[in-house]
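A structural walkthrough
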Amino acid sequence: MKRYDAIIIGAGHNGLTNAAYLARAGLDVVVVEKNDYIGGAAVSRELHDGWVYSNCSYVCSMMRQAIHRDLDLSRHGLMLVPYLGNVSFGEGGQVFQGYHDEQANFLELKRHSPHDADSMHRFQADLTRYAQFIRKTLMRTPPDPASFKPRDIRELIFLGRQFWTLGEREIYEYIRFFTMSAAEFLEDYFENDLIRASMATPGIIGTALGVYSPGSAYILLHHVMGDVDGSIGAWGLARGGMGAISNAIASALQAAGGEIRTGSGVQQIIVRNGKACGVALENGDEINAGIVVSNLDAKRTFTQVMDRNDLPPGIYKKAKNFKIRGSSGKVNIALSGLPKFTNVPDNRYINRGGQAFIGSMDSLERAYDCWKRGRWSDQPFIEAVIPSAWDPTVAPPGKHWMSNFVQYCPPKLADGPWTTEKRDAFGQSVVDRIEQYSPGFSDLIVHMEVRTPHEIENEVGLTEGNIFQGELTIDQLLFNRPFPGYAQYRMPVKNLYMCGSSTHPGGGVSATCGANAAREILMDLRRPNTVPEDDCYDE
Amino acid sequence: MNEIADTTPNQTDPFAGERPMQSPFHPRQAALNLRESWSAWNGYRFAECYYDPEFEYFCVRNACATYDICPMQKYFVTGADAEAMLNRMVTRDISKMKMNRVTYVVWCNDEGRMIDDGTIFKLAPDRFMLTCGSSCVAWLKMSSFGFVNVHCEDVSDQMAGLSFQGPSTCAVLKKLGLDGIENAKPFDIRHFPFAGGELMVSRTGFTGDLGYELWIDKSLALELWDRLYAIGADYGIQPFGEAATNMARLEAGFIMPDMEFNEALKTVHLRHDHTPFELNLGWLVDFKKPHFNGRSALWAEKQRGPEYILTKLDIEGNKPAQHSWLYANKRCTREIGYVTSGMWSPAAKANIALAMIRSEYVKGEIWASIDYEKELRQYTKIARCTVQNKPFWAPARARATPPGDF
């Protein structure tokens, strides 16, 4: 029976990236995927004739250029297109328009608050400084602070040096920042509630925290530290939907001789003599390999596809308690035309980029309260974008599709399990919310795909539908991700590795987890490294 | 032969004579130029950008966009001797051209130094259109010397031109009613009746992508614009300016006057102009055809090999290498050339450049010394360069016939 050098479980973008780098190093690799299609949560699917949804993740900013360039993803069909403009909807018809042009943006801010227009400069400078520091860690394996290995010490010194260059005052600020709430952080800069709320929303996306919860400030940073072609904080769309990212990486993998098997869910990771040596598939097949790399989240890896007896004591419990609470839903809507929004001019540069249906700081927190009580809010925060206004490949000409990311949506309801009726009622609450700002919106709806954490878990395999494969709080970041002592992609069983966003640096479609894990694996196998260093724009 | 724009000082505007001319598309373009970002080309007011260069660039690469080529110089060269005259002038053999085809050409002075590049449209056996970036009236007159039956007419200010580029252009033109446009191959020309006049469409462009150039009498320019934009609205149509053009053409590896080459007739210093061989355009020089201008000098150059050669570079890191010096060693002690154009390519995700490099060094190590600024401080980065032989961007759709809808 054939024995591969490596099996990667899960054909999400990180699994594919990991496999591509291993294959490029000459390893014989196979990626096994439970679904009949690849992509995991970076996927495009045509569920309604002519409309191609990015079913899960929907925008892109963290994808590392170094990886894109190194795997030659452009030649494999990937194009990332930045989109412009965003509108934040407040209460009582209040609208805050985010213009692309700095001058125009300054004037718009000034209309809301001259104080905030000025403060924005300091905010941007501070945030950029923080982002530059954390960006340097993305394509590096976190050092183990308890280890005395020369490599860990070298990395710690590197990080220490980078940290020191922030300057004394900023070091204090940075440490504060890591544990603060988004609301507290923003209070230092902005007076206007809608501006504050619109700046705070990245702090809660994908996270079971509210804007006032400690730790949400870092999540805010996590969402603005990406870039599109060097413009930090910009967001882009993958031409053809997010699946284009996975497809391009898969094509690079196949060009390097790697194999992908879809429709091959893993029943169990086989461990013999304390070493991972293959997987048993749900269909009864077994595949043998020298190493096994799990692109599943940490909880799923250790509590679902492994025998508890194969694990050292303590790990099962750590995995069981891994913080991976589902907090968001996704509603993809096919539209017969471009929606019109109240108080938003027919300016093509702002009315079809991103829409944030916010309300106020207060309503954001109230939506979180609903989540805590196991129900969805009738005034949820929705981050929407209309990809079809930018990408001619995802809807017929003149037709559109709107991606709605909904915060919050509980993984478990207080009144019993999710049902089809409850899922549809959740979808309706999102439509009703948009209708408040866009009268006539419902009449444009051609098709809808409603995804609660329940659907996301079942279809994609993300535990509780958590988009980051585990929350991005300080207790689960850097050398603590996924668990202290296991942050270097090697897992407690020999020859078992993890490469999903449960590992450093976490979620966001950056492809870094998969790439970093490949670097570590190749080091263990004493193969030459094929993974590039980051070429940060802000060096 | 040229109708000069009215520059007589008038009562209301004492500065009228100093103001740039307006293109036939100006009323629509001015309304869309939110940045008031104008430059000038051949006396015309010309957009540097309308909204944002990178956004406009992505409209070209991702959807469809228009570029005003009214300021481009256009000449009808007609008569029984037209073909012979042009063939005597340019380095390429145009006698093999088929009807309704376009070809890219360069022409040189007696020393084989390049005067300009442009395109020749063969519209009838005795009727050609020559387009080029700079005025060519005097050179055409000189080139016509000795040819009895040739007539040159400057139609630059009568004929409007709109370059329409991007992956969804064919879909838009089909919807505009241009039947069979999808069957036009690259460099084909098609003619269509349009609003009582004629619309000429060539499958040409300066972006390396799928695209067309639309040619029409200036009286119908706005009618064309309005119909195109009405249909294009659902396809993401957007005007793009010079900045975005420069990005797209660099990815395609196309040369730009005043960037890659200095026009020979405007060059003061010896050898600050270039031969086609130096610009890596040797494939445009046909020594098998009858005599042409600059032939003996170019023949000598071909035997000798050019002093410099224009080279495509992929440069490590992401600092654009515009204006950088190039060296044969990392210590930067042996200078071997200079970067003519450089940028971060969003499509290729690479740090790309065109560079003039001394021929003997092209095969060795190449290092760029890149200066850049960060908050008023100057930095220098030494980056390794790799020679690329293919264009940085060459999608299959640019060559496909029929092209897809996006």
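Worth saying up front: this structure is predicted, and the values here are computed from it rather than measured. (Residues numbered from 1 in each chain as written. Chains lettered and ligands numbered in written order. Predicted model: local features only at pLDDT ≥ 70, side-chain atom pairs only at ≥ 80, totals over all residues.)

1. Remarks on the overall build of chain B
Counting secondary structure elements, chain B contains 8 helices and 19 strands. For 406 residues, the compact-globule formula gives about 22 Å, and the C-alpha radius of gyration of chain B, at 22 Å, lands near that figure. Structurally, chain B occupies a C-alpha span of about 65 × 55 × 55 Å along its principal axes. Out of the 406 residues in chain B, the part that is buried amounts to 48%. A sequence separation of at least 24 residues applies to 68% of the contacts in chain B between residues at least 6 apart. (Helix = DSSP H or I, 4+ residues; strand = E, 2+ residues; numbered from the N terminus. Rg over C-alpha atoms; globule rule 2.2 N^0.38 Å. Buried ≥ 20, exposed ≤ 12 C-beta atoms within 10 Å, placed from the backbone. Contact = placed C-beta atoms within 7 Å.)

2. Examining the sheet that holds strand β11 (residues 197–202) of chain B
All names here are of chain B. The strand order β10-β11-β12-β9-β3-β13 describes an open sheet built from 6 strands, whose pairing is mixed. Of all strands in the sheet, those with a lone pairing partner are β10 (189–194) and β13 (237–239), marking the two edges. Geometrically, the sheet is characterised by an average inter-axis angle of 25° between neighbouring strands, direction not taken into account. The pairing of strand β3 (residues 64–68) with β13 spans 3 bridges and is parallel. The partner of A65 across the bridge, within β13, is Q238. Where helix α2 (residues 53–62) meets the sheet, it contacts β3, β9 (159–165) and β13, and its direction lies at approximately 115° from that of β3. (Pairing = 2+ DSSP bridges. Axes fitted to C-alpha atoms, helices over the stretch in contact; angles between N-to-C directions.)

3. A short note on the domain arrangement of chain A
Residue and element names in this part refer to chain A. The domain architecture assigned to chain A consists of domain 1 (3–80 + 240–323 + 470–524), domain 2 (84–113 + 328–409 + 412–451) and domain 3 (118–191 + 213–230). Centre-to-centre separation of domain 1 and domain 3, based on C-alpha positions: 26 Å. Across the contact, 24 residues belong to domain 1 and 17 residues belong to domain 3. Counting residues per element, the side of domain 1 that touches domain 3 draws most heavily on helix α16 (residues 512–524), at 5 residues. Partitioning the side of domain 1 that touches domain 3 into residue classes produces 11 nonpolar, 10 polar and 3 charged. (Domains from an automatic or database assignment. Nonpolar A, V, L, I, M, F, W, Y, C, P; charged D, E, K, R; others polar.)

4. Description of the domain arrangement of chain B
Residues and elements named next belong to chain B. For chain B, the domain assignment lists domain 1 (18–72 + 157–252), domain 2 (73–154) and domain 3 (307–395). One C-alpha centre belongs to domain 1, the other to domain 2; they are set 24 Å apart. Counting from both sides, the interface comprises 8 residues of domain 1 and, opposite them, 11 residues of domain 2. Its residues assigned to classes, the side of domain 1 that touches domain 2 shows 4 nonpolar, 3 polar and 1 charged.

5. Brief notes about the packing of α2 of chain B against helix α7 (residues 242–252) of chain B
Residue and element names in this part refer to chain B. Between α2 and α7, the shortest axis-to-axis distance is 8 Å and the interhelical angle comes to 55°. Relative to α7, α2 is oriented oblique. For the pair α2 and α7, the crossing hand works out as right-handed. Here P53, E56, Y57 and V60 of α2 lie close against α7, whose contacting residues are A243, A244, M247 and A248. Along the lines of polarity and charge, the residues of the contact of α2 with α7 split into 7 nonpolar, no polar and 1 charged. (Parallel < 35°, antiparallel > 145°, perpendicular 65-115°, else oblique. Left-handed = near helix turned anticlockwise from the far one by under 90°.)

6. Section: the sheet that holds strand β8 (residues 151–154) of chain B
Residues and elements named next belong to chain B. Within the open sheet, the 5 strands sit side by side as β5-β6-β7-β4-β8. Their pairing is antiparallel. The strands lining the two open edges of the sheet, one partner per strand, are β5 (101–108) and β8. Each strand axis lies, on average, 25° off the axis of its neighbour in the sheet, ignoring direction. Relative to strand β6 (residues 114–124), β5 runs antiparallel, the two sharing 8 bridges. Bridging across to β6, R101 finds its partner in K122. In the packing of helix α3 (residues 82–89) onto the sheet, the strands contacted are β4 (73–78), β5, β6 and β7 (127–132), and the crossing angle to β4 comes to about 130°.

7. Some points on the packing of helix α1 (residues 13–24) of chain A against α16 of chain A
Residues and elements named next belong to chain A. Interaxial distance between α1 and α16 falls to 7 Å at its minimum, and their mutual angle equals 35°. For the pair α1 and α16, the crossing hand works out as right-handed. In this structure, α1 contributes N14, G15, T17, N18, Y21 and L22 to the contact, and α16 contributes C513, G514, A515, A517, A518 and I521. Along the lines of polarity and charge, the residues of the contact of α1 with α16 split into 7 nonpolar, 5 polar and no charged.

8. Brief notes about the confidence of the model for chain B
Per-residue confidence for chain B averages 96 on the pLDDT scale, and 98% of its residues sit at or above 70. Interface confidence for the predicted complex, given as ipTM, is 0.95, next to a pTM of 0.96. (pLDDT = per-residue confidence, 0-100.)

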